[in-house]
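Below, each chain spelled out in residue letters.
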Amino acid sequence: MMLRVSFPWRLRAVGGASCLLSAGSWRSFTGHTPPEYTAASVRQTFIDFFRDKHSHRLVPSSPVRPRGDPSLLFVNAGMNQFKPLFLGTADPRSEMAGYRRVVNSQKCVRAGGKHNDLEDVGRDLTHHTFFEMMGTWSFGDYFKEEACHMAWSLLTGCYGIPADRLYVSYFAGDAASRLPPDDETKQIWLDLGVPPSRVLPFGMKENFWEMGQTGPCGPCTEIHYDRQTDRQTDGQTDRQTDRRGGRDVSGLVNTDSTEVVEIWNLVFMQYNREADSSLQPLPLQCVDTGLGLERLVSLLQGKKSNYDTELFTPLLEEIHKRSGVCGYGGLLGPADQGNVDMAYRVVADHIRTLSVCIADGVHPGMTGAELVLRRILRRAVRFCVEVLKAPQGTLASLVPTVTHSLGGVYPELYREADRIMDVINENEAQFLSSLQQGSRIIQRTLSKKDYKDGGFPASVAWSLHRNLGFPLDLVGLMLEERGVTVDQEELQRLMAENYKVASSPAVDSQMTLDVHSLSELQRLSVPHTADRLKYQYTLEGDAYVFPACSATVLALYDGECLVSEVSEGARCGIILDQTCFYSEQGGQSHDLGYVTMDTQEALHPVESVSLSGGYVVHQVTAADRLQTGDKLTLHLDQLHRLSCMVKHTATHILNFSLRRVLGHSVHQRGSHVSADRLRFDFSVKASLSVSELQQVDRCVSEIISANQIVYIQEIPLETARRIEGLRAVDEIYPDPVRVVSVGSPVCELVADQTDRQADRQADRQADRQASVELCCGTHVRQTGSIQDCLIVSERQTVKGISRIVAVTGADATKAREAGLVLTQEVDSLEARLSSSPSGLDSAHRLAKEVGLLSDAVDNTPIPQWQRRELQATLKALQRSSNTMVRKRESKEAAVRAQCLLEENGRKQLLVVAVETDSLSVLMKTVNRLSASSPLSHVMLLAHQVHSGKVLCACQVPKGSASLPACDWALAVCHHLGGGAGGNALVAKGTGSSADVTEALKFAEEFARKKTQR
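Predicted, not measured: the structure shown is a model, and the values here were computed from it.

This part takes up the overall build of the chain. Looking only at helices and strands, the chain has 29 helices and 34 strands in total. Here the chain, with 1013 residues, has 52% of them falling under the buried criterion. In the chain, of all internal contacts separated by at least 6 residues, the share reaching a separation of at least 24 is 73%. For the chain, the exposed area adds up to about 44700 Å²; of that, 50% sits on carbon and sulfur atoms.

Dropping the structure here:
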């Protein structure tokens, strides 16, 4: 049964004395001098309203990288981190499972995927890639009525927005989806007093909210704001009004009008969109509301746009200082000569997005969210250099301004400021170099044909975008300068096809030769692919040099059969006479890169590389016509390959170190090597202890620091199997087979088996301490190339099988630094707790700090051994802090009770106000008083002056049938606009009031009437 709370108010424009922004200060909307509405005060008012007045829990913003949700590129809404609650899948032991009412301000990025605002940013005054979404949630608590009431109260009361400037929309239903209209929400707004002409129905597009292709969804109701006060016609006010006296602009709602804008969306999560597009009811009916901070601030400040608020103006001023153009003027369209103001907006928006994303661990890259961030960075660089005439390095120089603006709310920006600037500068330099290459490709393509009468090849434009990181609007601008346009229809098709391929399951996107095609290749005497070049790289100084590779197309595979040629846009597998690309095998990810032809300008991205029956299949989507006999040049993504090499050698060293520390009972059960991390599964009875984790990390570090040579040799399989200490997994190996040995030449290992006796072999193996494995993967030449390797996770996936996740290089160094910082914070907290703070407030703060620090230790990448130690320490501190809080509360309650007894004696009825912020202390004080005076009816109220909240606690004598404690508390708290609960003996609750005196009088009179009957 759903709890329903009755709200007595009707349509109004003021209210809520507890809010920071008073209704009387709304003079900016009537032409008077606007008050100082800062973004910080607007954000804090929102949080205080729901946390203090409506008992919502404040939950910090999650990082913009989704937590364990592969369906999202970025966190694009406040609800993302709460999906387990919407779906009913949250761990019942977790803190999240206890959430009922939540408020927060969430960092959101909408660029890529379903919610993609990237190409619109700068063209108007409203779109952003990064924004703050202030939101509230109810998880099986309140629903539509209460959500609407609270939203209306905050807007018209706390923020003082005139009610006659607001319109509301609701879901009109959808016959195709068999969804009825949301008449319940419509009636709620009408009951609140919103005129029928301002309660507007809309369909699925406007008023049915969905996070993505799948996931929680439901009907929504939106609150829209009319920016204009009056319209003047020939000096006279236009009297086109509704019954409230304001103008009627309902026709502008949901029309992308700049005059009437949406400010708050209240989503009623009732369904989950399944993979088959069907709608299934969610386990709980939930509420998810979202209010964009940037837009609300602009409205409250009476600004023309978000870019005119203090969230952006400091950035615009800093950009102007570094640019070679005039200052920002807020112009749009044709009035914006040279797109200068558009460039200002793009750079100001994108540097915020880049700073937040990089601080949260999303770096520019080649896939997924990283690829989107790469495009954002390059779009910003282009506008800086090409339009604003700013020197290289301008973009990174804006990071301190972003940090100053947002760092107070998101302190990670301060911590990561230097790294953010380094990442931006490095990627900017790479892009400026690729700009020259892209310009040459465009010029060569144009020189071959006159495209002024027809569209520029979309395949070339898309290749520049996908492989060189060119923003599509940059390609369009460069062509526009030459009087040429892109074939937009074909470009849209390529984009759609790319999205389809990228979003399809990996098993479907992998192109593998079938048995019939393999048989046909053999019948045609097509030789197996020579792929020795994938191993023929060298270490010259500190740099790895990879061989160039040219090849001939021997066969083409269209997914069903062999073909002699494929047309542009076709997805196919290319079989070459030779290749330098590594095909996915042995737990190592396949190489990435692209292939080109001397006779074409197009780049053919290599999406995957697989090995079938001796043939290496390079899967591409043809950017131009391909046919057998074509001569191709292969371009390897060297950074991706090197990252895989580092992780693969580190995996071998980790495997050896585990066996060295834990013994010969350890056996590999699986592994995976990718460019960003390594995963290693192995057999072991239980999770590793702290000491064992330390020993393994130490062993790995020693081998890396020794910069041992990595020896690789191909020998007969039978000979390899006789090598002492050889590690192999249950696979079918080729013969001859590659042996990878760290620190000892393979020829010496083979000689040991024939020239040494068994005891001598054991001694030499003990002295040598070499990692020796059968492996077809690619490896670094010396262990020093790994730089560092660290276990950041270790857990048992099933009984007897543990999984380790490790990082290398800079990621490992960062994890070590994070571990030291957290250790210092735990040590500091432990010292403060051991000093036994005397005050209750201090005890509460320390207890809360223990919880927050525990979350950080659980979720931050740090050495796993260190995580285990800190978790044990924090668990003890949690017990200690809880005990300390209880003792301080009891002590304070005893003192307060004694003072009240001295002041009032042992009365039959005691109703007084006390000063405390703790309902627990208030209840304990009541208990003490009742213990000292068992026949007394006791009620204490505590008024929170700063918020207007009133705490209430009471206790009555046993057997007091005329006045149950729960009835007494409920009556008083309802009188205060709140609620209460308890039993016949004790009860407590909350309400709100500007003055507690009247509430005390009501409580006493209520009790007297009941007890005197």
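The rest of the description comes next.
Taken as a whole, the second largest pocket encloses approximately 1500 Å³ of empty space. Put simply, the parts of the chain that give the lining of the second largest pocket at least two residues each are β3 (130–139), α5 (204–207), β6 (208–210), β7 (215–226), β10 (260–273), β11 (279–292) and α6 (293–300). Broken down by element, the lining of the second largest pocket gets its largest block of residues, seven residues, from β10. In terms of residue class, the lining of the second largest pocket is built from 18 nonpolar, 16 polar and 14 charged.

In spatial order, the strands read β25-β26-β27; together these three strands make up an open sheet with antiparallel pairing. Edge positions in the sheet fall to β25 (710–715) and β27 (771–774), since each of these pairs with one other strand and no more. Adjacent strand axes in the sheet meet at a mean angle of 20° when their direction is disregarded. Note: strand β26 (residues 737–742) against β27, four bridges, orientation antiparallel. When the sheet's bridge partners are listed, Val740 is paired in β27 with Glu773. Seen against the sheet, helix α19 (residues 638–662) touches β25, β26 and β27 and runs at an angle of roughly 115° to β27.

Bringing helix α14 (residues 458–468) into the picture now. Residues separated by three or four positions in an α-helix point in the same direction, a consequence of the helix having 3.6 residues per turn. Of all the eleven residues making up α14, eleven are buried; the element is thus mostly covered by neighbouring parts of the structure. If you check which residues of α14 are buried, you get Ala458, Ser459, Val460, Ala461, Trp462, Ser463, Leu464, His465, Arg466, Asn467 and Leu468.

Once that is clear, we can look at unusual backbone geometry. Notably, Asn339 is not glycine yet its phi reads approximately 60°, a positive angle. Here Asn339 lies in the loop between α7 (313–322) and α8 (340–359). Look at Asn339 and you get partly exposed, because its relative accessible area is 33%. Look at Ser525: it is not a glycine, yet its phi comes out positive at around 60°.

Counted under the stated rule, the structure contains 27 salt bridges. The partner of Arg101 in a salt bridge is Asp141, and the shortest N-O contact between them spans 2.9 Å. With Arg101 in strand β2 (residues 101–109) and Asp141 in the loop between β3 and α3 (144–158), this pair connects stretches of sequence that are 40 residues apart. Taking relative accessible area as the criterion, Arg101 reaches 19% and is therefore assigned buried. The salt bridge partner of Asp182 is Lys144, with a shortest N-O separation of 2.9 Å. Here Lys144 lies in helix α3 and Asp182 lies in the loop between β4 (166–171) and α4 (183–192), a separation of 38 residues in the sequence. The two residues Asp182 and Lys144 agree in class, both being buried. Overlapping salt bridges, with partners in common, bring together Asp48, Arg51 and Asp52 in one network.

Where helix α20 (residues 690–705) contacts helix α26 (residues 864–904), the two axes come as close as 8 Å, and the packing angle between them is 155°. Judged by the angle between their axes, α20 and α26 are roughly antiparallel. When you trace α20 past α26, the crossing you get is left-handed. Residue-level contacts link Val690, Leu693, Gln694 and Asp697 of α20 to Gln864, Trp865, Arg868 and Glu869 of α26. Tallied by class, the residues present in the contact of α20 with α26 amount to three nonpolar, two polar and three charged.

Moving on, we get to the pairing of strand β34 (residues 986–992). By the alternation rule, side chains of β34 split into Ala987, Gly989 and Gly991, which are all buried, and Val986, Lys988, Thr990 and Ser992, of which none is buried. Where strand β32 (residues 949–955) lies against β34, seven bridges are found, and the strand directions are antiparallel. Along β34, the bridge assignment pairs Ala953 with Lys988. Connecting strand β33 (residues 979–982) to the next strand, β34, in antiparallel fashion are three residues.

Pairing is mixed in the open sheet, where five strands are placed in the order β30-β31-β32-β34-β33. The open sheet has two edge strands, β30 (909–914) and β33, and neither has a second partner. Neighbouring strand axes in the sheet, compared pairwise and without regard to direction, differ in orientation by 15° on average. Contacts between helix α27 (residues 919–932) and the sheet are confined to β30, β31 (937–943), β32 and β34, with β32 contributing the most and set at about 30° to the helix.

In this structure, Pro964 sits in the loop between β32 and α28 (965–975). Using a relative accessible area of 17% as the deciding quantity, one classes Pro964 as buried. Residues Pro964 and Asn983 lie 19 residues apart in sequence; the distance between their C-alpha atoms is 7.4 Å.

What follows covers the environment of Gln228. Following the sequence through the fold, Gln228 ends up in the loop between β7 and β8 (232–233). A relative accessible area of 33% means that Gln228 is categorised as partly exposed. Here the alpha-carbon distance between Gln228 and Val260, two residues 32 residues apart in the chain, equals 8.2 Å. Apart from residues lying up to four places away in sequence, Gln228 is in contact with Arg165, Arg247 and Glu259.

Turning to the packing of aromatic side chains, a few remarks are in order. Per the counting criterion, the structure on display carries 17 aromatic pairs. Aromatic pair Phe82 and Tyr99: ring centres 6.1 Å apart, planes at 75°, arrangement edge-to-face. Of the two residues, Phe82 is situated in the loop between β1 (57–58) and α2 (83–87) and Tyr99 in the loop between α2 and β2; the sequence distance between them amounts to 17 residues. Each of the two residues, Phe82 as well as Tyr99, counts as buried. Sitting over the face of the ring of Phe383, Arg382 holds its NZ or CZ atom 4.0 Å from the ring centroid. Just above the ring of Tyr535 sits the side chain of Arg738; from NZ or CZ to the centre is 3.5 Å.

Moving on to the nonpolar core. Grouped together as the largest cluster of nonpolar side chains are 120 residues, with contacts concentrated most on Tyr159, Ile223, Ile263, Trp264, Leu395 and Ile424. Here this core gets 13 residues from one element, more than from any other, and that element is α8. With 33 residues, the next largest nonpolar core counts Met645, Phe682, Val684 and Cys775 among its residues.

How each quantity is defined
- Residues numbered from 1 in each chain as written.
- Predicted model: local features only at pLDDT ≥ 70, side-chain atom pairs only at ≥ 80, totals over all residues.
- Heavy atoms only, no water.
- Helix = DSSP H or I, 4+ residues; strand = E, 2+ residues; numbered from the N terminus.
- Buried < 20%, exposed > 50% of the residue type's maximum accessible area, 1.4 Å probe, protein only.
- Contact = heavy atoms within 4.5 Å.
- Areas by Shrake-Rupley, 256 points an atom, 1.4 Å probe, with all protein chains shown as cover.
- 1 Å grid on protein atoms, 1.4 Å probe; cavity = no way out; pocket = protein on both sides within 12 Å on 5 of 7 lines; lining within 4 Å.
- Points joined across faces, edges and corners; volume = space filled by probe spheres on them.
- Nonpolar A, V, L, I, M, F, W, Y, C, P; charged D, E, K, R; others polar.
- Pairing = 2+ DSSP bridges.
- Axes fitted to C-alpha atoms, helices over the stretch in contact; angles between N-to-C directions.
- Salt bridge = Lys/Arg side-chain N within 4 Å of Asp/Glu carboxyl O.
- Parallel < 35°, antiparallel > 145°, perpendicular 65-115°, else oblique.
- Left-handed = near helix turned anticlockwise from the far one by under 90°.
- Phe/Tyr/Trp six-rings, centres within 6.5 Å; stacked < 30°, edge-to-face > 60°.
- Lys NZ or Arg CZ within 6 Å of the ring centre and 35° of its normal.
- Core = buried A, V, L, I, M, F, W, Y, C linked by side-chain atoms within 4.5 Å.

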